[in-house]
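Structural characterization, general
These are the residues of each chain, in order.
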There are 2 protein chains.
Amino acid sequence: MAELDSAQNSLWKLFLTVHARLVEQVEQDFKQAGLPPFEWYDMLIALKQAPDQKLRLSDLAEVLLVNRTNVTRLADRLEKTGLIRREVCQFDRRGAYAVLTQAGLEMQQKMWTVYAESIAQYFSRHLTQKDEITFTRAFSAMLAALDEESV
Amino acid sequence: MAELDSAQNSLWKLFLTVHARLVEQVEQDFKQAGLPPFEWYDMLIALKQAPDQKLRLSDLAEVLLVNRTNVTRLADRLEKTGLIRREVCQFDRRGAYAVLTQAGLEMQQKMWTVYAESIAQYFSRHLTQKDEITFTRAFSAMLAALDEESV
DNA sequence: TTGTAATTATTGCACTTGCAACCAGACAGT
DNA sequence: ACTGTCTGGTTGCAAGTGCAATAATTACAA
């Protein structure tokens, strides 16, 4: 039974606040540039980095931290605008791939120019190299603990 | 025009991932304990800490980082279950207060026992005191920069 | 004072989300 | 092959979200 002092509680609140404000700001930057919302980028970049630029929907769900239902819907939206297309899976005929299209690749690049600038300006600019090490270590420890627990 | 190297990009992704996983976990803990969702706690604690346990809806929106529309709806839900009640504002007859009820106070306390344990276990446990100082400084700088910009 | 602008809260609408139910295909044991 | 179970993806439904429009009140300036 861990204890929680008031400084730790404040830091947790600060963490939530910073996340909310940063994400809000990034979303506004996308919108202002006439670009699609946040989550679209995640799917595009995940596909871009995958072999053959394609991934099973269930794998996408895991990577994007979104449940299957919403991956289906997100894929619907990107497919409707031509940024990805679906492809049946040979090895498992239940399954579907999402495949990055040329238009999808171009959209990813366009979004990245906006996104990179936002991340740098709102987030990275305020971190020294030492900070980055501290953050990485602490965040990794949190994730590792969550993963162990669920085993 | 700030530059963004790949380590910084990874850290940003890590930041988003950690936030998503932690919030997901906290929400599950609430649900498993048969308690209302996350956002309800924020409103309850905000009211508890306010003078006379009441706040204008617009002030709540600012504190909770939620737009006015959704504060109205969130207040609807808490009012329907008796955790808050609305009160007309004397000084500005357009306005409404949200007032914490006795049931609301008790709910806040019940949720806190679960919440405090979750924060400690998933978040604070992985931070040394030095980490806490680093986090606080960096996060505060990010917020300050956002606030300055909008002036 | 009077008219215009700004502010507070709410509502209608379109869209997104999560849960549970569902279907088709895979898989394992008999 | 036959049966029951599991898995991948989709869909219906109920609920939550953001945007734009609205009504009521206040603030202010000519």
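Further up the page is the structure itself.
Read on for an overview of the structure. Residue positions are counted from 1 within each chain, in the order its sequence is given. The naming scheme follows written order: chains are lettered A onward, ligands numbered 1 onward. With pLDDT at 70 or above as the cut-off, local features in this predicted model cover only qualifying residues; side-chain atom pairs require 80 or more to be listed or tallied, and sums for whole chains, interfaces and linings still use all residues. Only heavy atoms go into the side-chain values, all of them from the structure, while hydrogens and water stay out.

**Thoughts on the packing of aromatic side chains**
- Pairing of aromatic rings covers Phe, Tyr and Trp, the last through its six-membered ring, and needs centres within 6.5 Å; plane angles under 30 degrees mean stacked, over 60 mean edge-to-face, and all others mean tilted. Per the counting criterion, the structure on display carries 26 aromatic pairs over all chains.
- For the ring pair A:Phe135 and B:Phe139, a centre distance of 5.5 Å and an interplane angle of 85° mean the geometry is edge-to-face. Of the two residues, A:Phe135 is situated in helix α6 (residues 129-149) and B:Phe139 in helix α6 (residues 129-149); the pairing between them involves two chains.
- Throughout, exposure labels follow a simple rule: accessible area from a 1.4 Å probe, protein chains only, divided by the maximum for the residue type, with under 20% read as buried, over 50% as exposed, and the rest as partly exposed. Taking the relative accessible area as the measure of exposure, B:Phe139 reaches 0% and is therefore buried. Labels follow the DSSP assignment, with helices taken as runs of H or I lasting at least four residues and strands as runs of E lasting at least two, numbered in each case from the N terminus.

**Side note on the packing of helix α1 (residues 6-32) of chain A against helix α5 (residues 102-122) of chain A**
Residue and element names in this part refer to chain A.
- Every axis corresponds to a line fitted to the C-alpha atoms, with the helix fit spanning only the stretch in contact, and the corresponding angles, defined between N-to-C directions, vary from 0 to 180 degrees. Their axes nearest at 10 Å, the elements α1 and α5 cross at an angle of 145°. Crossing of α1 over α5 shows right-handed handedness. Where α1 abuts α5, its residues Leu22, Gln25, Val26, Asp29 and Phe30 lie against Met111, Val114, Tyr115, Ser118 and Tyr122. Left-handed is the label given to a crossing in which the near helix is rotated counterclockwise from the far helix by less than a right angle, and right-handed is the label when the rotation is clockwise. Contact between two residues is taken to exist if any of their heavy atoms lie within 4.5 Å; hydrogens are not considered.

**Things to note about the protein's contact with DNA strand D**
- By convention in this text, a residue qualifies as near a molecule or strand provided that one of its non-hydrogen atoms is within 4 Å of it. By nearness alone, 20 residues border DNA strand D, and A:Ser58, A:Thr72, A:Arg86, A:Arg94 and B:Asn70 come closest of all.
- Under this definition, polar contacts are N or O atom pairs within 3.5 Å; protein pairs additionally need one hydrogen-donor-capable and one acceptor-capable atom, and for neighbouring residues in sequence, both atoms have to be side-chain atoms. One nitrogen or oxygen atom from the main chain of A:Ala96 is found 3.1 Å from a phosphate oxygen belonging to DNA strand D.
- At the level of secondary structure, the elements contributing two or more residues to the surface near DNA strand D comprise α3 (57-64) and α4 (68-80) of chain A together with α4 (68-80) of chain B.
- Side-chain classes follow a simple rule in which Ala, Val, Leu, Ile, Met, Phe, Trp, Tyr, Cys and Pro form the nonpolar group, Asp, Glu, Lys and Arg form the charged group, and the remainder, Gly included, forms the polar group. Of the residues that constitute the surface near DNA strand D, the class distribution is two nonpolar, seven polar and eleven charged.

**Observations concerning the pairing of strand β3 (residues 96-100) of chain B**
All names here are of chain B.
- Of all five residues in β3, four are buried, a share of seventy percent or more.
- Bridge count for strand β1 (residues 54-56) against β3 is three bridges, and the pairing is antiparallel. Directly across from leucine 55, in β3, lies its bridge partner alanine 98.
- At least two bridges found by DSSP between two strands are what make those strands a pair. Taken together, the five bridges between strand β2 (residues 84-88) and β3 define a ladder with antiparallel strand orientation. From the neighbouring strand, isoleucine 84 faces β3, where its bridge partner is leucine 100.

**Topic: the sheet that holds β2(B)**
All names here are of chain B.
- The antiparallel open sheet is built from three strands, whose spatial order is β1-β3-β2. Both outer strands of the open sheet, β1 and β2, are each paired with one neighbouring strand and no more. Averaged over all pairs of adjacent strands, the angle between their axes in this sheet comes to 30°, without regard to strand direction.
- Contacts from helix α3 (residues 57-64) reach β1, β2 and β3 within the one sheet, and its direction differs from that of β1 by about 90°.

**Here we look at the relation of the copies chain A and chain B**
- The copies were overlaid with a least-squares fit restricted to C-alpha atoms from residues scoring a pLDDT of at least 70 in each copy. You can overlay chain A on chain B at an RMSD of 0.1 Å; the transform is a turn of 180° with a shift of 0.0 Å along its axis. As the rotation angle and translation indicate, the two copies are arranged about a two-fold axis.
- Mapped onto chain B, 98% of the interface residues of chain A are again interface residues, and the two copies thus contact each other with one and the same surface.

**Brief notes about helix α2 (residues 38-49) of chain A**
- In this scheme, a helix's expected span is set at 1.5 Å multiplied by one less than its residue total. With twelve residues, α2(A) extends 17 Å from end C-alpha to end C-alpha; this agrees with the ideal 16 Å at 1.5 Å per step.
- Among all positions of α2(A), only A:Phe38, A:Trp40, A:Tyr41, A:Met43, A:Leu44, A:Ile45, A:Ala46 and A:Leu47 are buried.

**So, the pattern of salt bridges**
- Note on definitions: salt bridges are taken to be side-chain nitrogens of Lys or Arg within 4 Å of carboxyl oxygens of Asp or Glu. Counted under the stated rule, the structure contains 16 salt bridges over all chains.
- Close ionic contact of A:Asp131 with B:Arg137 constitutes a salt bridge, the shortest N to O distance being 3.0 Å. You can see A:Asp131 sitting in helix α6 and its partner B:Arg137 sitting in helix α6, one on each of two chains.
- Among the residues examined, A:Asp131 registers a relative accessible area of 3% and is labelled buried.

**Focus on the protein's contact with DNA strand C**
- In the neighbourhood of DNA strand C, 20 residues make up the surrounding shell, with A:Asn70, A:Arg94, B:Ser58, B:Arg86 and B:Arg94 lying closest.
- In DNA strand C, atoms within 4 Å of the protein come 66% from sugar and phosphate.
- Here a base oxygen of DNA strand C sits 3.0 Å away from a polar atom, N or O, in the side chain of A:Arg73.
- One nitrogen or oxygen atom from the side chain of A:Arg77 is found 3.0 Å from a phosphate oxygen belonging to DNA strand C.
- Among the secondary structure elements, those contributing two or more residues to the surface near DNA strand C are α4 of chain A together with α3 and α4 of chain B.
- Each residue belonging to the surface near DNA strand C can be placed in one class, and the counts come to two nonpolar, seven polar and eleven charged.

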